[in-house]
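Observations on the three-dimensional arrangement
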Amino acid sequence: MPKRKVIPKQQPLASNALSPTAVTLPSSISCGVGLAHSRLGRARSGWGRFGWICVLISIVTPVWSQSPRSSKSHFNPSPLTSDSSLAQPPHLILGQTGSSRSAVDDRYAAARRKLVETRIRTAGVTNEAVLKSIETTPRHEFVPAAVRDKAYFDMALPIGSAQTISSPFIVASMTETLDPKPTDKVLEIGTGSGYQAAVLSPLVAEVYSIEIVDELGTRAAGVLSKLGYENVHTRIGDGFLGWPEASPFDKIIVTCSPESVPVPLVEQLREGGSMIIPVGERYQQTLYRMTKRDGELVREPLRPTLFVPMTGTAEDARQTLPDPANPKVVNQDFSDPSGADDPEGFVPGWYYGRQVEQVALQADGAEGAKDSGLVRFENETPGLGSHLLQGIAIDGTKVSLIRLSARLRTDKVVKGPDADAWPMVAISFYDELRRDLGTFSMGPYRGTRPWRDDSRLVRVPRAAREGIVRIGLFGATGTVEFDQVSIEKID
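Residues numbered from 1 in each chain as written. Predicted model: local features only at pLDDT ≥ 70, side-chain atom pairs only at ≥ 80, totals over all residues. Heavy atoms only, no water.

1. Here's the deal with the layout of surface pockets
Put simply, the test is: In this analysis the probe radius is 1.4 Å and the grid spacing 1 Å, with only protein atoms considered; a cavity is a set of points the probe fits into but cannot get out of, a pocket is an open set with protein on both sides within 12 Å along at least five of seven lines, and lining residues have an atom within 4 Å of a point. Grid points are joined across faces, edges and corners, and a volume is the space filled by probe spheres set on the points. Strands are runs of DSSP state E lasting at least 2 residues, helices are runs of H or I lasting at least 4, and numbering of each runs from the N terminus. Three classes are used: nonpolar for Ala, Val, Leu, Ile, Met, Phe, Trp, Tyr, Cys and Pro, charged for Asp, Glu, Lys and Arg, and polar for all others, with Gly counted as polar.
What the second largest pocket holds in volume is close to 270 Å³. As for the second largest pocket, its lining consists of 16 residues, and the residues nearest its centre are Y283, P322, D323, K328 and V330. For the lining of the second largest pocket, the element with the highest residue contribution is strand β14 (residues 387-393), accounting for 4 residues. Taken together, the residues of the lining of the second largest pocket break down into 7 nonpolar, 5 polar and 4 charged.

Written as structure tokens, this is what we have:
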């Protein structure tokens, strides 16, 4: 069982309690976007079909995605191939948006069923009501026309205003973790596209959703109204303040990350109610389930994750900021121990892990490793996700050239079904609007080979403001171990 810590009423979570556990996303972006992007763009370096695993994804519940070889829970990415694997899901040719919900459902029903059965259920979501809601919610209605052909890929997509819609897996996983009941009144912080509220709608009595970006909130309200979600109520405002006149709430779900828990949200949560919220530094966050007991919050860490920051009052009060002029990888040698408040079974400093474990080695048993730790990825099912991610702040106007390095060994690695289903080390760059600037990789690696060092120089796009480091099997089978995954600023 995860360790629990009682937080006195109105006492915010200290950010230093969230030691290197997870990675967060962008800069001053408002809520409503959920987890990180989920698309790894095709870069000039020649590496193509990747999926930004976002955003997320990957969230923790007792059923967190499990390896087919073990009952041990692993984290499923949101940024993802299926939110979890880095290979982009099979391309789905989708029709145009129809004028009625029933007509649209008929046209997209097969795509939604395939998404649920091949990407979400297999990643660990088991709540049948949640899966049914994902299968019947027209996600294509909540995304811009320019990306509608990707609506049923398990990936985050841009929705304007420097925001994204979370990947379906992340939405499903967070919804399952919330444990929605038919009588619940739920507060959502970060409406974004309105998709999360739409998924919650058939599962609860009432949804109250707040968005700080006027354009997004207005658009989402229009879509929700057009589609007939009568139990969803929206407003434009600062989610930090909540919705006091509609309180108390049975459940609260926060789809953006503050550095500490907003006190007004604690006050608006009923006794015995629960809150799902990512808390922490910009690129080091942990997703929590918080339960209100005797006026106090009992927090249960679920998993490291990556969400956009909560803007407004929460962002103005942020104490710890990243250093984009000096990018670095946290826990690059995989020897950092878990902190007292870290979720169990995850790799400190990294997030969205799938079929991966951090291995502690004895001084005399490193077998070529340079320190006391490494990460090991194992997969027996071709195409199944097995990877690990970490977000970093990097400013292309201050960093023009970096060296991407890693030490690794492979054992019986065989290419997976997709073109990019090989073990790789990669970095993806994004601009201030979270647009994809390209992915640069090392590899692919195959077969059985002893420990060796690999590195490459990478030119940082001038527009870059953040990056995602990715390592793993990415759909290949076999075993690969990594150590000393690092970024060195050259110029």
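Back to the text.
2. Description of the packing of aromatic side chains
Cut-off, in case you're wondering: Put simply, two rings from Phe, Tyr or Trp (the six-membered ring, in Trp's case) pair if the centres are within 6.5 Å, and we call them stacked under 30 degrees between planes, edge-to-face over 60, tilted for the rest. Only protein chains enter the area calculation, which uses a 1.4 Å probe; residues under 20% of their type maximum are buried, those over 50% are exposed, and those in between are partly exposed. A positively charged side chain is recorded as over a ring if its NZ (Lys) or CZ (Arg) lies within 6 Å of the ring centre. The angle to the ring normal must also be within 35 degrees.
One pass over the structure, following the stated rule, counts 8 aromatic pairs. Residues Y108 and Y152 carry aromatic rings whose centres are separated by 5.6 Å and whose planes lie at 50 degrees to one another, so their mutual orientation is tilted. Note that Y108 is positioned in helix α1 (residues 101-120) and Y152 in the loop between α2 (128-136) and β2 (157-160), a separation of 44 residues in sequence. On the basis of relative accessibility, which here comes to 3%, the residue Y152 falls in the buried class. These aromatic residues form a ring-pair network of at least three members: Y208, W243 and F249. Across from the ring centre of Y195, 5.7 Å away, lies the NZ or CZ of R139, which sits over that ring. The side chain of R446 reaches across the aromatic face of W422, ending 4.3 Å from its centre.

3. Topic: the sheet that holds strand β11 (residues 351-354)
As a reminder of what qualifies: Here, a strand pair is defined by DSSP locating no fewer than two bridges between the strands. All axes here are fitted lines through C-alpha atoms, helices being fitted over the stretch that makes contact, and every angle between N-to-C directions spans 0 to 180 degrees.
A sheet is described by the order of its strands in space; here 5 strands give the open sequence β11-β14-β19-β16-β17, paired in antiparallel fashion. Whereas interior strands pair on both sides, the edge strands pair on one side only; in this sheet they are β11 and β17 (436-442). Between one strand and the next, the sheet's axes are offset by a mean angle of 15 degrees, whatever the strand orientation. As defined by bridge partners, strand β16 (residues 424-430) adjoins strand β19 (residues 466-472) across 7 bridges and the pair is classed as antiparallel. If you follow F429 over to β19, its bridge partner there is G467.

Structural measurements only, silent on function.
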